[in-house]
Amino acid sequence: MTTLWDTTGSAVVKELAAQRRTGGAVMSGVALTLVVVADEGRVTEAEQAATAAAEVHPCRLLIVVRRQIEAPVPRLDAEVQIGGRLGPGESVVMRMYGRLGLHAESVVLPLLAADAPVVTWWHEAPPEQIARDALGVIADRRITDSSMAPDPVAALRNRAHDYYPGDTDITWTRSTPWRATLASTLDSVSGRRGEPVRVLGGRVEGDPDNATAQLVAGWLSSRCGCPIDVVPSPRKNGPRGIDSVTLQLDQGEEVRLQDDRKGGAVIDQPFRPESVVALPDRSLGELIGEELRRLDPDEPYSEALEAVTGATGLSDRPACRDHVWFDPMRPEQTVEPRNAAGETDGGSATAHSAPTVPDVPGDTDEVALSGEHDSPADDSEEQAAVQSPGAAPARKAGTAKKAGTR
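The structure contained in this document is the topic of the report that follows.

1. Re helix α9 (residues 284–291)
Here comes step 1: Counting buried positions over the 8 residues of α9 gives 7, a clear majority of the element.
Here comes step 2: For α9, the secondary structure elements touched by its buried residues are α2 (43–56), β6 (118–123), β7 (141–144), β8 (167–169), α6 (170–173) and α7 (176–193).

Here you go:
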C-alpha cells in the first residue's frame, strides 16, 4: 500500500499504474467499479463490507470520504493498493478536505474501470437528492440505506420522491430471507391444493418505524392486491424490525411465519406440522454482495415503495439523471432539482462571497484548523477569500479550481 499525502488526482492515477506495472496483474479483469461514500466514523465498516462483496464480485474499489468541507484549503489524501487488506483487486481510499469534496467526481472519474458498470453505495445517511451528488449521477446502480436516517419511514418517502430506475436500498435487501420464505410457503399451500392461492389480508407484527418491516408489508400489499399493515409487536425486534407475518388465505386458512429469535423462523401452515427454517441476520458485506448480483432496475422494490408511500409510476420514470450543482455552504444559491415526476421546490441563485470557517467548529481536525498545505505554490485565490472574510469574493462555485484538485 502507498499513502499519498496532500496529493492530486493525477498522482493517484500514476501511482495506481505504477503499482500495476511493478506488482503484476492481480486480477485479469473486473466486473464493475464500486464507489463507496462513507463518513469517517464508518470507513472501517464500509471497507470490511466492500472487501467481502469484492470477493464474490471482482471490482475496482473506490472509497470517498468527504471531510471538513468548510476547511479553507482543498486537500486530497489517498491510499492506493493492489491486493491486500481490501481484497485482491485495485482499491483507492480518498479523503477529501475543503471544497474538493464538492467535486469528488473530478478525482473519481479517471479511476473508473473502463467499459464496466458503476455502482455507488452511500454508507451514511442517504442524500436528500441524488441528483446533487455527481457520484450518484454517473452510477448505473445506486444503493442507499434508509435505516441510517433519523426517521427511516420519512427517508422511504424521500426515496420514492427521488426514485429513478436503478435505485435500491439496503433496508429492502435485509428483507430478502423473509420474502423468500413467505413465497415458498404460499407455493407449498398452492401445491397441496393444486390451484393458486389467494391472500385476502394479513398483518406484519414488528416495529412500525422500521423501514424493512414497512417494505415487507408494501411488497405483500403490491403482490397480493390487499392492504397489509405493520402493527406493533410486544417483543423486541431485531434490525429487520419484524417479529411475525400472518396471512389470511381463501378457504378460511391462515399462514404464519414467526421469528424464533434463534436465527430461524417457525412456519405454521394448514395441514402441515410446524417447521423451522434458517433466517439468520446477514452481514453488511453479504447484503452489498446481493445487490451487486443484478444491475437492472429492481421492479419489486419500486412496487413495494409505491405501496408504502402512496407514490405512483416509479418504474415508468426515465433512468437518466441530470447533475444539479448544490453547495451545502450556500444552499440559498441552489435551484432545487426536479424529480422524475417533474416536481420542484424552486429557488434562485445569487452571488455571495466564499464561506468562512466557523470560529469554534463543532467537529474539526488539524487540516480544517490550520488550513496549511505542504506546498505554498498550491494555494489558490479561494484560500485568501476564505481566510479573510472581508476579501474580494472568490470564483463562483462549480468553476475550475486549482489544477491538481480537479
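Once you've had a look at it, read on.
2. Concerning the pairing of strand β4 (residues 75–82)
Side chains on a regular strand alternate between the two faces of the sheet.
Here comes step 1: For β4, a buried count of 8 out of 8 residues is recorded, marking the element as mostly surrounded by other parts of the structure.
Here comes step 2: Residues R75, D77, E79 and Q81 point to one face of β4 and L76, A78, V80 and I82 to the other, with burial holding for every one of them.
Here comes step 3: Direction of pairing for strand β1 (residues 2–4) relative to β4: antiparallel, over a ladder of 3 bridges. For T3, the partnering residue across the bridge sits in β4 and is E79.
Here comes step 4: Alignment of β4 against strand β5 (residues 90–97), held across 8 bridges, turns out to be antiparallel. Counted as the bridge partner of R75 is Y97 from β5.

3. Things to note about the pairing of strand β9 (residues 199–206)
Here comes step 1: Both β9 and strand β11 (residues 242–249) contribute to a ladder of 7 bridges, which runs antiparallel. Following the sheet pairing, V199 is matched in β11 by L249.
Here comes step 2: By the bridge criterion, 4 bridges tie β9 to strand β10 (residues 229–232) in an arrangement that is parallel. Note on β10: the bridge partner recorded for R203 is D229.

4. A word on the pattern of salt bridges
Here comes step 1: For the structure shown, the criterion picks out 29 salt bridges.
Here comes step 2: Where E40 meets R95, a salt bridge forms, and the shortest distance between an N and an O atom there is 3.0 Å. In this pair, E40 is assigned in the loop between β2 (32–38) and α2 and R95 in strand β5, connecting sequence segments 55 residues apart.
Here comes step 3: When its relative accessible area of 17% is taken as the criterion, R95 is described as buried.
Here comes step 4: Salt bridges sharing partners connect three or more residues here, namely E40, E47, R67, E79, R85 and R95.

5. Description of the environment of V36
Here comes step 1: The residue V36 is located in strand β2 in this model.
Here comes step 2: Residue class for V36 comes out buried when judged on its relative accessible area of 0%.
Here comes step 3: Considered as a pair, V36 and L135 are 99 residues apart in the sequence and their alpha carbons are 9.3 Å apart.
Here comes step 4: Beyond its immediate stretch of four places on either side in the chain, V36 contacts A46, A50, L61, L62, I63, V64 and W121.

6. Concerning helix α8 (residues 211–224)
Here comes step 1: Taking 1.5 Å per residue as the helical rise, α8 with its 14 residues ought to reach 20 Å, and the 20 Å between its terminal C-alpha atoms agrees with that figure.
Here comes step 2: Counting buried residues in α8 gives 11 out of 14 residues, a clear majority hidden from the surface.
Here comes step 3: Of all the residues in α8, the buried ones are A211, T212, A213, Q214, L215, V216, A217, G218, W219, L220 and S221.
Here comes step 4: By the N-cap criterion, in which a side-chain oxygen at the helix start approaches the backbone nitrogen of a residue two or three places on, α8 is capped by N210, the distance to T212 being 2.9 Å.

7. Let's talk about the sheet that holds β8
Here comes step 1: Strand order in the open sheet formed by 8 strands is β1-β4-β5-β3-β2-β6-β7-β8, and the pairing between neighbours is mixed. Two strands in the sheet have a free side with no partner beyond their single neighbour: β1 and β8. The mean angle between the axes of side-by-side strands here comes to 15°, regardless of whether they run parallel or antiparallel.

8. A look at the sheet that holds strand β12 (residues 254–259)
Here comes step 1: Pairing within the open sheet is mixed, and its 6 strands lie in the order β10-β9-β11-β12-β13-β14. What marks the edges here is a single partner per strand, and that holds for β10 and β14 (275–278). If you compare each strand with its neighbour and ignore which way they point, the axes differ by 20° on average.
Here comes step 2: For β12 and strand β13 (residues 264–268), the ladder comprises 4 bridges, and the chain directions are antiparallel. The partner of R256 across the bridge, within β13, is D268.
Here comes step 3: Here α7 sits on the sheet in contact with β9, β11, β12, β13 and β14, set at roughly 25° to β11.

What counts as what
Residues numbered from 1 in each chain as written. Predicted model: local features only at pLDDT ≥ 70, side-chain atom pairs only at ≥ 80, totals over all residues. Heavy atoms only, no water. Buried < 20%, exposed > 50% of the residue type's maximum accessible area, 1.4 Å probe, protein only. Helix = DSSP H or I, 4+ residues; strand = E, 2+ residues; numbered from the N terminus. Contact = heavy atoms within 4.5 Å. Pairing = 2+ DSSP bridges. Salt bridge = Lys/Arg side-chain N within 4 Å of Asp/Glu carboxyl O. Expected span 1.5 Å × (residues − 1). Polar contact = N/O pair within 3.5 Å; in protein donor to acceptor, adjacent residues only side chain to side chain. Axes fitted to C-alpha atoms, helices over the stretch in contact; angles between N-to-C directions.

That is the geometry; function is a separate question.
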